[in-house]
Amino acid sequence: MSDQRTDVTDLYQEFGDERLPPGQRETTAFPVLSKGPTPDWDPETWEFTVTGAVEEELTFSWDEFQALPSETQRQDFHCVTGWSKFDCSFTGVPFLELAERAGVIDDADAGKQRSTGNPTASGQAVHVMFSALDGYTTDLPLEACLREGVLFAWGYDGEQLPADHGGPLRVVTPHRYAYKGAKWVDGIEFLTEPERGYWERRGYSQTADPWQEERYS
Ligand SMILES: Nc1nc2c(c(=O)[nH]1)N[C@H]1C(S)=C(S)[C@@H](COP(=O)(O)O)O[C@H]1N2
Ligand SMILES: [Mo]
């Protein structure tokens, strides 16, 4: 396990002039927003799967997942309901790490590259569906996932991620509204065509760029 530390709070410069996206207010609290109750989980039977248009489908136990290379990042968190929390500290496994292991991209360090030859999968992955223990799903274009800030986080502020905030494992997407980050995540599926997740089917934006105020579609 590495203790690499990265600050990605400046990523807003790619999207807008202000760190606080339009229509957002800053809060120091960390409200909990879930569509239902916090699900139970069992570290003995918990499984994380990587499936779909990959060279190799992967399954991790809780111990195996925690042994993956991880890093701690300083990130901002933007909720579509209008609050933003600056300087959150999340620890976890970069999306790029899993994409590389599953053979979706050639080199996690190169970051943006997709593999060209993919003989075993039926097509090229272009989209990703995240699924979670509470039945929640959310989707993003692959491109939007292949960046440093997208983490499978099991730590928050140096502690285990609290269950209400998605513990044992959640996704964080500092360049997108936070509904793109599945709490209690237990699987990712690489898709050859876009599909919609839970809120995306109910009118939330598929792209969800906070600096463009892409809240609803
Ligand atoms: N599994 C799951 N993930 C989820 C949700 C949910 O209901 N279930 N809610 C989403 C929404 S709408 C938001 S704003 C954030 C809230 O994260 P928080 O409760 O840690 O603030 O989680 C997102 N991830
Ligand atoms: Mo939300």
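Residues numbered from 1 in each chain as written. Chains lettered and ligands numbered in written order. Predicted model: local features only at pLDDT ≥ 70, side-chain atom pairs only at ≥ 80, totals over all residues. Heavy atoms only, no water.

(A) Quick peek at the overall build of the chain. Tallying secondary structure elements over the chain gives three helices and twelve strands in all. Its C-alpha atoms give the chain a radius of gyration of 16 Å, near enough to 17 Å, the size a compact globule of 217 residues would have. The principal-axis extents of the C-alpha atoms in the chain amount to approximately 45 × 35 × 35 Å. Within the chain, the proportion of its 217 residues that are buried is 55%. Pairs at least 24 residues apart make up 68% of the contacts formed inside the chain by residues separated by at least 6 positions. Positive and negative charge centroids in the chain, built from 18 and 39 side chains respectively, lie 8 Å apart. (Helix = DSSP H or I, 4+ residues; strand = E, 2+ residues; numbered from the N terminus. Rg over C-alpha atoms; globule rule 2.2 N^0.38 Å. Buried < 20%, exposed > 50% of the residue type's maximum accessible area, 1.4 Å probe, protein only. Contact = heavy atoms within 4.5 Å. Lys, Arg positive; Asp, Glu negative; His and termini not counted. Charge placed at Lys NZ, Arg CZ, Asp CG, Glu CD.)

(B) Structural detail: helix α2 (residues 95-102). The element α2 is extensively covered by neighbouring structure, given that six of its eight residues are classed as buried. Residues of α2 that are buried: F95, L96, E97, L98, A99 and A102.

(C) Structural context of empty space enclosed by the protein. Enumeration over the complete set of coordinates arrives at two cavities of 30 Å³ or more. Roughly 50 Å³ of volume is contained in the largest cavity. Around the largest cavity sit Q75, D76, F77, H78, R170, V171, V172, T173, P174, R176, A178 and G181, which together line it. Looking at the lining of the largest cavity, the element that brings in the most residues is strand β5 (residues 71-78), giving four residues. Per-class residue counts for the lining of the largest cavity are five nonpolar, four polar and three charged. In this structure, the second largest cavity occupies an estimated 40 Å³ of space. For the second largest cavity, the full set of lining residues is V8, T9, L11, Y12, R19, D76, H78, P174 and W211. (1 Å grid on protein atoms, 1.4 Å probe; cavity = no way out; pocket = protein on both sides within 12 Å on 5 of 7 lines; lining within 4 Å. Points joined across faces, edges and corners; volume = space filled by probe spheres on them. Nonpolar A, V, L, I, M, F, W, Y, C, P; charged D, E, K, R; others polar.)

(D) Main features of the site of ligand 1. Taken together, the neighbourhood of ligand 1 is formed by 21 residues, with P31, D134, H165, R170 and K183 sitting nearest. In this structure, a nitrogen atom belonging to ligand 1 sits 2.8 Å away from a side-chain N or O atom of D134. The side chain of K183 places a nitrogen or oxygen atom 2.5 Å from an oxygen atom of ligand 1. Out of a free accessible area of 530 Å², ligand 1 has 98% covered by protein chains. Judged by its atoms lying within 2 Å of the grid points, ligand 1 is housed in the largest pocket. The class makeup of the residues in the shell around ligand 1 is 14 nonpolar, three polar and four charged. (Near = heavy atom within 4 Å. Polar contact = N/O pair within 3.5 Å; in protein donor to acceptor, adjacent residues only side chain to side chain. Areas by Shrake-Rupley, 256 points an atom, 1.4 Å probe, with all protein chains shown as cover. Sits in = over half its atoms within 2 Å of the grid points.)

(E) Inspection of the environment of Q124 at higher detail. Residue placement: Q124 occurs in the loop between α2 and β7 (127-132). As for Q124 and L191, which are separated by 67 residues in sequence, their C-alpha atoms are 8.0 Å apart.

(F) Broad picture of the side chain of S205. Along the polypeptide, S205 turns up in the segment after β12 (185-191). For S205, a relative accessible area of 4% translates into the label buried. Filtering out sequence-adjacent residues up to four positions away, S205 remains in contact with Y179, K180, E200, E214, R215, Y216 and S217.

(G) Main features of the packing of aromatic side chains. Under the counting rule described, the total for this entry stands at 26 aromatic pairs. With centroids separated by 6.3 Å and ring planes inclined at 70°, the aromatic side chains of F30 and W83 adopt a geometry described as edge-to-face. Of the two residues, F30 is situated in the loop between β2 (25-26) and β3 (47-52) and W83 in strand β6 (residues 83-94); the sequence distance between them amounts to 53 residues. The class for F30 is buried, based on a relative accessible area of 16%. For the ring pair W46 and F65, a centre distance of 6.1 Å and an interplane angle of 80° mean the geometry is edge-to-face. In this pair, W46 sits in the loop between β2 and β3 while F65 sits in helix α1 (residues 62-66), placing the two residues 19 residues apart along the sequence. Under the relative-accessibility criterion, W46 is labelled buried at 5%. (Phe/Tyr/Trp six-rings, centres within 6.5 Å; stacked < 30°, edge-to-face > 60°.)

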